[in-house]
Amino acid sequence: MALEWTGERFLPGVGADIAYEHYGRYLLALESVRGKKVLDVPSGEGFGSNVLAELASQVTGVDISEDSVRHASEKYRRENLQFHHGDMSRLDFAKGQSVDVITCFEGIEHVDEDLQLRTLQEFRRVLRDEGLLFISSPNKRTYSDQQNYKNPYHFKEFYSQEFIDFLSPAFKNVLIFGQRTADCSVISPLVSEAEPVELLGSYIEEPGTGAERLTKNISDPDRFMYLIAVCSNSAFDLKRIKRGMVVLDLGRSSYKEHEKVLWGEREKFRINRDEVQEELGRYHVSLSGALADLDRHRAALSGVTAERDQHKAALLGATAELDRHRAALSDATAELGRYHVSLSSALAERDRHQAALLGATAELDRQRAALSDATAELGRYHVSLSGALAELERHRAALSDATAERERLESKNRELDLLKNTIENKLEATEKKLDSAEKRLDATEAQLASTRKQLESIEKQLASTNTELRAKTAEADATQKRLLETGQQLQVISSELHETCRAFEKSLKISQPIRKILDWVAPPKTRRRDLIGGIYDRLL
């Protein structure tokens, strides 16, 4: 069965850095388990227990996940390897002092403080007095604080001194290591096991200071991502524990998949580069149109805003006029009230005069005249009140029209604001796409710069080859010149030989046919000259 990658439990093949970290811890403990009985908890996928089983006499892997135990039992099969379902804080299956070595890598931080203490007590119970405990946990300062990161699977992480304080009450001897992955160059002497030497001189580049700042001081625990401790209650020989560990992936197998992905992405980018450039051009055109539309809408908005301000001013004037009419209406209403009171008094007075009609007729006439005058005045006030009410209705109608116009303008203003927001959103999206395209163009330019450097290197090689070719050509020319000089010397020698032959001919009175043969020997017919020279030697 295959285990699902959750991002926390390590699975072989999921990544380079995490693989180097996990394998490095088990390789650090490997030499110490030779011929020993080992407990690996938590064993997880089972890869580490399998590594230890290469040298150990017996390895028991323990994990709280039943799926992990089933997976490990099916995948890793050795006679000296078994996997057991259990809790590291309750190792009930193990007897006291029955284990030589315990490895607990990246497990203790997954339980709370109470279970951490109980787990340490269990380790102390099942471990022999001369046994070793290899235990690791993330360095909280580097792993969590400096990265502002909270791992949801971790309950309690340790600072370096905290880790030592946690282990020291249970173990007399605690040897602490730091671990982290890094790009590195390893130089190791080729010597036999009989000539032990220090494996590495450790130098690191200070982050952010440049290559000119190299330091040999790597003892600061805050430089390391993980803390690894070797614990024992016996005075164990520190020489038996490797003082460092380097994991070399010479075949770069952990990066091959990443390289495939990178090359695939590079090919996709090369294929889509023209399309991206065309899309960028279209976005430029679209952006120009959007900016032009925005300018037009801004101009229209300015006109509408000015019109709205005019209507607001008119509305304020109408409101002030309405307030004045309301004040006049209030005054008229008060005056009418006063006249109503006066009328009531007059009517009461009239009733009294009617009761005394026989005795006060003259007074009644005067009161009737006063009543008539009051009624005429009341009529005039009624007319004035009707005019005021009519004026009020007109102002109400004007106010209603102004309110409707204001609502229309506000609605149009909201539409313009919505259009403005839409345009701004489109501009923002366009700018993001432009930024993305610029980043991709920057990546392309970086690749082109790399290609230019490669071309410059090839040009330098060609220049060097041309220089060598010119030197060889000059040497060939010199050789050809020497050959020509040698040919000229041979011609001189042949001429001298010809003269010598003529002298012999005269001295020996050689016949005419022999003379013709000698003439035929004249240079540059060197091949026939050699043939005739042999004939001449036989004649002599």
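Residues numbered from 1 in each chain as written. Predicted model: local features only at pLDDT ≥ 70, side-chain atom pairs only at ≥ 80, totals over all residues. Heavy atoms only, no water.

**Some words on the environment of Leu 28**
Along the chain, Leu 28 falls in helix H1 (residues 16-30). For the pair Leu 28 and Phe 134, spaced 106 residues apart in sequence, the C-alpha separation works out to 9.0 Å. (Helix = DSSP H or I, 4+ residues; strand = E, 2+ residues; numbered from the N terminus.)

**Some details on the pattern of salt bridges**
Per the stated rule, a full pass over the model turns up twelve salt bridges. With a closest N to O distance of 2.3 Å, Asp 67 and Arg 70 form a salt bridge. Of the two residues, Asp 67 and Arg 70 both sit in helix H3 (residues 66-75), three residues apart, roughly one turn of that helix. Using a relative accessible area of 39% as the deciding quantity, one classes Arg 70 as partly exposed. The partner of Glu 393 in a salt bridge is Arg 396, with the nearest N and O atoms 3.2 Å apart. In this pair, Glu 393 and Arg 396 both sit in helix H8 (residues 361-508), three residues apart, roughly one turn of the helix. (Salt bridge = Lys/Arg side-chain N within 4 Å of Asp/Glu carboxyl O. Buried < 20%, exposed > 50% of the residue type's maximum accessible area, 1.4 Å probe, protein only.)

**Regarding a nonpolar patch on the surface**
A grouping of Leu 455, Ile 458 and Leu 462 is seen on the molecular surface, where their side chains present a nonpolar patch of about 270 Å² in accessible area. You can see Leu 462 is positioned in helix H8. By relative accessible area, Leu 462 is classed as partly exposed at 49%. (Patch = residues over 30% accessible without salt bridge, like charges linked within 9 Å, V, L, I, M, F, W, Y side chains within 5 Å. Areas by Shrake-Rupley, 256 points an atom, 1.4 Å probe, with all protein chains shown as cover.)

**What to know about a negative patch on the surface**
Residues Glu 431, Asp 435, Glu 438, Asp 442 and Glu 445 make up a contiguous surface patch of negative charge. When you line up the elements, Asp 442 lands in helix H8. Judged by its relative accessible area of 46%, Asp 442 is partly exposed. (Lys, Arg positive; Asp, Glu negative; His and termini not counted. Charge placed at Lys NZ, Arg CZ, Asp CG, Glu CD.)

**Details of the nonpolar core**
Core analysis: the largest hydrophobic core is formed by 26 residues, its most contacted members being Leu 39, Ile 102, Leu 133, Ile 135, Phe 163 and Leu 167. Within the residue set of this core, elements represented by two or more residues are strand E4 (99-105), helix H4 (113-126), strand E5 (127-138), helix H6 (160-167) and strand E9 (226-232). What Phe 163 contacts, discounting residues up to four positions off in sequence, is Ile 135, Ser 136, Ser 137, Phe 158, Ile 176, Leu 227 and Ala 229. In this structure, Leu 30, Val 33, Val 51 and Ile 228 belong to the second largest nonpolar core, which totals 25 residues. (Core = buried A, V, L, I, M, F, W, Y, C linked by side-chain atoms within 4.5 Å. Contact = heavy atoms within 4.5 Å.)

**Some words on H3**
For H3, the full list of buried residues reads Ser 68, Val 69, His 71 and Ala 72. One face of H3 carries all of its buried residues, which in axial projection span an arc of 165 degrees. On its buried side, H3 packs onto strand E2 (58-63) and strand E3 (81-85). (Arc of directions from axis to C-beta.)

**Considerations on the sheet that holds E4**
Read across the open sheet, the seven strands follow the order E3-E2-E1-E4-E5-E9-E6; overall the sheet is mixed. Whereas interior strands pair on both sides, the edge strands pair on one side only; in this sheet they are E3 and strand E6 (173-179). Taken pair by pair, the neighbouring strands of this sheet meet at an average axis angle of 15 degrees, ignoring direction. Sheet analysis places E5 next to E9, joined by six bridges and oriented antiparallel. Across the sheet, the residue bridging to Pro 138 is Tyr 226, located in E9. Across the sheet, H4 touches strand E1 (37-40), E4 and E5, and the angle it forms with E5 is around 150 degrees. (Pairing = 2+ DSSP bridges. Axes fitted to C-alpha atoms, helices over the stretch in contact; angles between N-to-C directions.)

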